[in-house]
Amino acid sequence: MRISVLLAGAFAVCTSALANPAFKPFEAEYVLHKGSVKTATTKVTLSVSGNQYDYSRQGSTAGIASMFSSYSLSETSQFTVNSQGQIQGSKYSDTKGSKNSKRSTSILFDWAKRIAIHTKKGQSHSVALVDEALDPFAVELAMMRDLKKSHQLPVYSIVDGGKMTPYKFEILGEETVTTPAGTFTALKIKRERENKKRTTYIWAAPKLGYLPVKAEHVEKEGSPVTSVLTSVRGLP
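All of these numbers come straight from a predicted model, not from anything done at the bench.

*Asks:* Before we move on, can you summarise the environment of K207 with the specific residues and values?
*Replies:* For K207, the location among the structural elements is in the loop between β12 (198–205) and β13 (211–219). For K207, a relative accessible area of 58% gives the class exposed. The sequence separation of K207 and A186 amounts to 21 residues, and the corresponding C-alpha distance is 8.4 Å. Aside from chain neighbours lying at most four places away, what touches K207 is F184 and P236.

*Asks:* Go over the pattern of salt bridges, please, and point to the residues and values.
*Replies:* Scanning the entire structure with this criterion turns up 9 salt bridges. Here R114 and D131 are joined by a salt bridge, their closest N and O atoms 3.0 Å apart. Highlighted residues: R114 in the loop between β6 (101–110) and β7 (115–120) and D131 in the loop between β8 (123–128) and α2 (139–150), separated in sequence by 17 residues. Of the charged contacts in the structure, one is a salt bridge between R145 and E132, with a shortest N-O distance of 2.6 Å. Of this pair, R145 sits in helix α2 while E132 sits in the loop between β8 and α2, placing them 13 residues apart in sequence. Residue R145 is classed as buried on the basis of its relative accessible area of 13%. You can call E132 buried: its relative accessible area is 17%. Several salt bridges converge on common partners, so that one network encompasses E27, K43 and R233.

*Asks:* How would you sum up the pairing of β13? Please name residues and give values.
*Replies:* As paired elements, β12 and β13 share 8 bridges and run antiparallel to each other. Within the sheet, the bridge partner assigned to A204 lies in β13 and is P212. Connecting β12 to the next strand, β13, in antiparallel fashion are 5 residues, including G209 with a positive phi near 70°. Note that β13 and strand β14 (residues 225–233) share 4 bridges and pair antiparallel. Residue E216 lies in a different strand from β14, and its bridge partner there is T226. Connecting β13 to the antiparallel partner β14 that follows it, the hairpin turn spans 5 residues, and G222 within it adopts a positive phi of roughly 100°.

*Asks:* Break down the packing of aromatic side chains for me, with residues and values.
*Replies:* Overall, the coordinates contain 8 aromatic pairs when judged by the stated rule. Consider the rings of Y156 and F169, whose centres lie 6.2 Å apart with planes at 70°: the pair is edge-to-face. Here Y156 is found in strand β9 (residues 156–160), whereas its partner F169 is found in strand β10 (residues 163–179), with 13 residues between them in sequence. For the pair Y156 and F169, a shared accessibility class is recorded, and that class is buried. Between Y201 and W203 the ring centres are 6.4 Å apart and the planes differ by 40°, which places this aromatic pair in the tilted class. Each member of the pair, Y201 as well as W203, is classed as buried. Feature note: the residues F23, Y53 and F79 constitute an aromatic cluster, connected by ring pairs. Against the face of Y201 rests K188, its NZ or CZ located 4.9 Å from the ring centre. Lying over the aromatic face of W203, K214 brings its terminal NZ or CZ to 4.5 Å of the ring centre.

About the thresholds
Residues numbered from 1 in each chain as written. Predicted model: local features only at pLDDT ≥ 70, side-chain atom pairs only at ≥ 80, totals over all residues. Heavy atoms only, no water. Helix = DSSP H or I, 4+ residues; strand = E, 2+ residues; numbered from the N terminus. Buried < 20%, exposed > 50% of the residue type's maximum accessible area, 1.4 Å probe, protein only. Contact = heavy atoms within 4.5 Å. Salt bridge = Lys/Arg side-chain N within 4 Å of Asp/Glu carboxyl O. Pairing = 2+ DSSP bridges. Phe/Tyr/Trp six-rings, centres within 6.5 Å; stacked < 30°, edge-to-face > 60°. Lys NZ or Arg CZ within 6 Å of the ring centre and 35° of its normal.

Here's what the structure looks like:
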């Protein structure tokens, strides 16, 4: 009798997790500009099957830029969510470049051994994992989760560059952002980098579960690269 009760309880927990995934599936599209010139479009998709999550970003050149190059990018993050609500990566890949010249990065997570194998340019490095070590893409979902939960952003531990790298963010305040997908009140967030040559700003909209509706990469030399939301499905 006791075993049947335990099994029933376990089944209830499992079915509840399936019915209420930690992250709900969505699809968002963005347009990128360098200065005032349209350069690319990207599509971000989160799909869910049980406790298996597949987060992907696909992009390619657009506008006048497509007349001169065929640059594309494909970034994917596959992960599960443990009982503490922590993201546990299983595989990450990032491939970008032109048809004849592509650069690839991959990360394979082994949580049983608590190591990740980071491979870039054919060189592999073993990285010791800490709790909720993330890949450079899944951190976007972790930020959305943490902003909804506490309106704060911790320092994230990211497997990047063949080592554990801290990603630090600073919330600067609220701003109104107008995009092709609508006008949103958004939190403006700054990515703090040790390398001061580049600064990243993100505008995350509470109305869309803190999905980024705008991002801007500013370098000391050259025009800023800006990404803005053009459409979204699956988020309130």
